[in-house]
Every structure is written in C-alpha cells, then in structure tokens.
Amino acid sequence: MTMNRVPRIVAIGLLLSILPLYGALYRSNSLGQQLQLLDSGSDTSSITYTLHVSYDPDGNEERLLSEDGSIIKRTNIVSDAEEAGAKIVTEIKYSPSGEILENIKTIFEQGLPQRIERQVTGIENKYITLHGYEEGHLVETKELVDGELHRLTTYYRGTDGMLAGLRVVALDEGQDTYFSREGDSTVFAETDQGTFSKVTFHPGNLVVKDVWSGEEPIVITDVSYDNVGRLVVQEVNEGQTIRKTYGPDGMLVHEESSSADGSTRTVSYIYDANGVLDQSVEIIEGDQLRRIEAWYRNGVVQTKTEWIDGQPVTATRFVEDGTSVVTLFEDGRPYVDITYAPDGKRVLSLEYRKER
C-alpha cells in the first residue's frame, strides 16, 4: 500500500470538513495521545501532530495520527458488543512516503491484551506474543517467531499481588534471566553461553555478585552479620577469599583478603562525622610486614606512608596542582625527595636530604 503526499493532504481536508458528523480532531503528541480538541475551522498547518477520531454506526473507532499533514499511523478498534472489555485493535504504521512499515493486531479480553500479532514490512517472519493472566495479574508472556517459542517470561507475585520476581528464558540464545525479591533483597541473575551470574541488591546500596562457569564456581559470596550487627560479605574469587564488613550506614569499614601464597591483607577505613573517608590503614602480612597509612581531605587522598617491618620506606604527599612528592627512606631515615608530574611518571625534580 502506497500513498503520495498530495492525496493524503486532500484526505485530511475532507475529514476536517465532515468532523461535526463523524468525529473529532485533536492536537496530539507523537504517541497518538489526545490533547486539546480543535475546532473544525482551526488552522492545523503549524501543528506537528494531529489525531482524528471517528466512529462508525456500530461504535467501532478509527484513529488517524498525522505528522505535518501525513498519516503515520492508522488505528482501528473493533469492540465486541456482547462481551465487555473484548476488542480487536489493529495498528498500521506508515513511512513518510506512505508505505506500510508495520502492522500490529492486538486481541483484548476483559480489557487485557491476550494476543499480539506483528508483521514488519520486508521481514518474512511473523511475530506473535501471548499473555497469560491469573485473577487479572500478568503471570506469563510467550513470544513466538513463525509459530516457534522464542522467549518465555514468567512473572512471580507475592501474596499482595505485587510483582516479586521475573524470569526470562531466551530459548534460541541460550540465555536465562530473572530477578526476584528475597526478604529485603532483590536478586538479578543471567545465564549466557554457559556462564551464570547472580547479582543481589541488599539494603544500603550494597551489591554482591556470584558467578559460575557451567557448574564450576568462579565468584561465590556469603552474606551474614557479625556479633555487633554489621553486614559482612565474604567473597571467594578464583581461590582468593575477601571478607568485607560494612557499617550501619552502608560504608565499608574493614576488608580482609588472603591469597594462594598464604599472604593476608587487611584494610581499615575511618570516616568523619559526615561519612567522608578520613583515613585508611592497610596491613599486608607475608614474608614481610607492610603497613600503609593514607590520610584524606574531603575524600581525596593527601598523604600516604608505607612501612616495612616497622621502618618507613616511602612517604608521598599529593599536591593540589596534581604533582606528587615522594620521599624515600634508608634505614628509617629520609634521604631524597622526588617530585612527579601529574601523570605520575615523569620526574620533575630530585632533591637529596642534607641530613643523610
């Protein structure tokens, strides 16, 4: 079906001339929603979108959505006079040149869409969507391509009828996605090409993620509370164990980790009264004992000092212009100050300490 621009404009003019008998003209948005009603003599040349609504003697409705005088969508609504809420809605979308782009047919029962048939011009596949309900609540959606199931969506609801979970299975893509609520937590998971990922959202904007490759765990987390009621997340990632403790405000206060070589790492975080990071202390125990202290201002690191087996080895001061000054120690005594450019690589100056 093709229509050139001039006949369409003439058709719009004819429709305007018979509005009092058969329908009404509205200013519209691009979605085809009715805005204010226009008089039959209104000048519509400056209106981008107009919607003409008309009815036949049986009460069936036709909507013509136009953009700058060209019809871009035709909607026909045929209602069942014997069954309330039963109707068939057919939408035809047009290109600016008047060619049909898409044809969508939706069948309603009891006011709810049951079956949607979609045909796209230039694509031979026929798309059908089927919705299933229980007591008026959507519980299942099937998407078919040429009669074969392509995607299955299942909706899980709580006792209050509110959505409590969602599962999406894409059969031809090997994907399986779902989310659900477990107590105060929301879970989102996805299977893609043999990898299964589970993301859990906890109170306080805390997010943890578990990952499996086939049946082999890659990242596994365990969430619990310590004896003072703080949230603790333990994560095992490819053999490395990381244990994080969060305060009641959701801020990370302590982190512990161990690696395959037997070394351990702990970091403590201290915040000011406004919840802004003020200090961090990192301790790494292995062949040597390393201690790294950092101080912050407005959450931005200002100084950092590192000790090995109780003796200072480096002290770094971060300058507002982006440069940094690193002091090196020998036998616990500072002997040289090195100034680095903002990129952290280029040396701008080298100054030895006289007291050495």
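Just so you know, the residues in each chain are numbered from 1, in the order the chain's sequence is written. A pLDDT threshold of at least 70 governs which residues receive local features in this predicted model, and a stricter bar of 80 or more applies before side-chain atom pairs are shown or counted, although totals over entire chains, interfaces and linings include all residues. To get the side-chain values, take all heavy atoms of the structure and skip hydrogens and water.

Observations regarding unusual backbone geometry
Moving on, step 1. Here the phi dihedral of Asn298 falls at roughly 55°; this positive angle occurs in a residue that is not glycine.
Moving on, step 2. Put simply, DSSP H or I for four residues or longer makes a helix, DSSP E for two residues or longer makes a strand, and each gets a number counted from the N terminus. Relative to the assigned elements, Asn298 resides in the loop between β23 (289-297) and β24 (300-308).
Moving on, step 3. Even without being glycine, Asp331 reaches a positive phi, approximately 55°.
Moving on, step 4. Within the element layout of this structure, Asp331 appears in the loop between β26 (324-330) and β27 (333-340).

Some thoughts on the nonpolar core
Moving on, step 1. Of all hydrophobic cores here, the largest spans seven residues; its members are Ala24, Tyr26, Tyr49, Leu51, Val53, Leu65 and Ile72.
Moving on, step 2. Among the elements of the structure, β1 (23-28) and β3 (49-55) are those that each provide at least two residues to this core.
Moving on, step 3. Any two residues whose heavy atoms approach within 4.5 Å are treated as being in contact. Apart from the residues lying within four places of it in its own chain, the contact partners of Leu51 are Ala24, Leu25, Tyr26, Ser28, Gly32, Gln34, Arg63, Leu64 and Leu65.
Moving on, step 4. Throughout this description, the term nonpolar core refers to a set of buried Ala, Val, Leu, Ile, Met, Phe, Trp, Tyr and Cys residues connected via side-chain atoms within 4.5 Å. Whether a residue is buried, partly exposed or exposed follows from its accessible area with a 1.4 Å probe, protein chains only, as a fraction of its type maximum: under 20%, in between, or over 50%, in that order. Counting residues in hydrophobic clusters, the runner-up holds six residues, among them Leu206, Val208, Leu231 and Tyr246.

Overview of the side chain of Ser95
Moving on, step 1. Position of Ser95 relative to the elements: it lies in the loop between β6 (87-94) and β7 (100-109).
Moving on, step 2. Here Ser95 falls in the buried class, since its relative accessible area comes to 8%.

Structural notes on the confidence of the model for the protein chain
Moving on, step 1. Per-residue confidence for the protein chain averages 84 on the pLDDT scale, and 87% of its residues sit at or above 70.
Moving on, step 2. For every residue, the predictor reports its confidence as pLDDT, a number between 0 and 100. Ranking the elements of the protein chain by mean pLDDT puts helix α1 (residues 5-17) last, at 41, and β6 first, at 96.
Moving on, step 3. Within the model, the stretch residues 1-21 combines pLDDT values under 50 with 29 contacts to residues more than four positions away or in other chains.

Some words on the pattern of salt bridges
Moving on, step 1. Any Lys or Arg side-chain nitrogen found within 4 Å of a carboxyl oxygen on Asp or Glu counts as a salt bridge. This model, assessed by the stated rule, comprises 15 salt bridges.
Moving on, step 2. Between Glu102 and Lys93 there is a salt bridge whose closest N-O contact spans 3.8 Å.
Moving on, step 3. Across the pair Glu140 and Lys142 runs a salt bridge whose closest N-O atoms are separated by 4.0 Å.
Moving on, step 4. Residue classification places Glu140 among the partly exposed residues on the basis of a relative accessible area of 30%.
Moving on, step 5. Beyond isolated ion pairs, a larger network of salt bridges with shared partners links Lys93, Glu102 and Arg118.

Thoughts on a negative patch on the surface
Moving on, step 1. The grouping of Asp80, Glu82, Glu83 and Glu109 at the surface amounts to a negative patch.
Moving on, step 2. By the element assignment, Asp80 lies in the loop between β5 (70-79) and β6. The residues that make up patches have over 30% relative accessible area and no salt bridge, and they are joined within 9 Å when like-charged or within 5 Å when they are Val, Leu, Ile, Met, Phe, Trp or Tyr. With residues, only the protein chains shown are counted as cover, and all accessible areas are computed by Shrake-Rupley using a 1.4 Å probe. When charges are counted, Lys and Arg are positive and Asp and Glu negative, with His and the chain ends excluded. The location of each charge is read from NZ of Lys, CZ of Arg, CG of Asp or CD of Glu.

As for the pairing of β5
Moving on, step 1. The element β5 is largely enclosed, with a buried count of seven among its ten residues.
Moving on, step 2. Strand pairing follows a simple DSSP-based rule, namely that at least 2 bridges must link the two strands. In this sheet, β5 lies alongside strand β4 (residues 61-67) in antiparallel orientation, the contact comprising seven bridges. Opposite Leu65, over in β5, you have Lys73 as the bridge partner.
Moving on, step 3. Counting the residues between successive antiparallel strands, the hairpin from β4 to β5 contains two residues, one of them, Asp68, with a positive phi of roughly 55°.
Moving on, step 4. Direction of pairing for β5 relative to β6: antiparallel, over a ladder of seven bridges. Within β6, the residue paired with Thr75 across the bridge is Glu91.

As for a nonpolar patch on the surface
Moving on, step 1. A cluster of nonpolar side chains, namely Phe188, Phe201 and Val207, defines an oily patch on the protein surface of about 250 Å² accessible area.
Moving on, step 2. Its location among the elements puts Phe201 in strand β15 (residues 195-202).

Overview of the packing of aromatic side chains
When we look at a pair of aromatic rings, we describe it by the centre distance and by the angle of the planes.
Moving on, step 1. Here the aromatic set is Phe, Tyr and Trp, taking the six-membered ring for Trp, and pairing holds for ring centres within 6.5 Å; pairs whose planes are under 30 degrees apart are stacked, those over 60 apart are edge-to-face, and all others are tilted. Following the criterion strictly, the structure yields zero aromatic pairs and no others.
Moving on, step 2. Distance and angle both matter: a charge sits over a ring if NZ of Lys or CZ of Arg is within 6 Å of the ring centre and within 35 degrees of the ring normal. Taking the ring centre of Phe108 as reference, the NZ or CZ of Lys87 above it sits at 4.9 Å.
Moving on, step 3. The aromatic ring of Tyr127 is capped on one face by Arg118, whose charged end is 5.2 Å from the ring centroid.

Digging into the environment of Val301
Moving on, step 1. As for its position among the elements, Val301 is in strand β24.
Moving on, step 2. Judged by relative accessible area, Val301 falls into the partly exposed class, the value being 25%.
Moving on, step 3. Taking C-alpha positions, Val301 is 8.6 Å from Gln279, a pair spaced 22 residues apart along the chain.
Moving on, step 4. Not counting the four nearest positions on each side in its chain, Val301 is found in contact with Ala294, Trp295, Tyr296 and Phe318.

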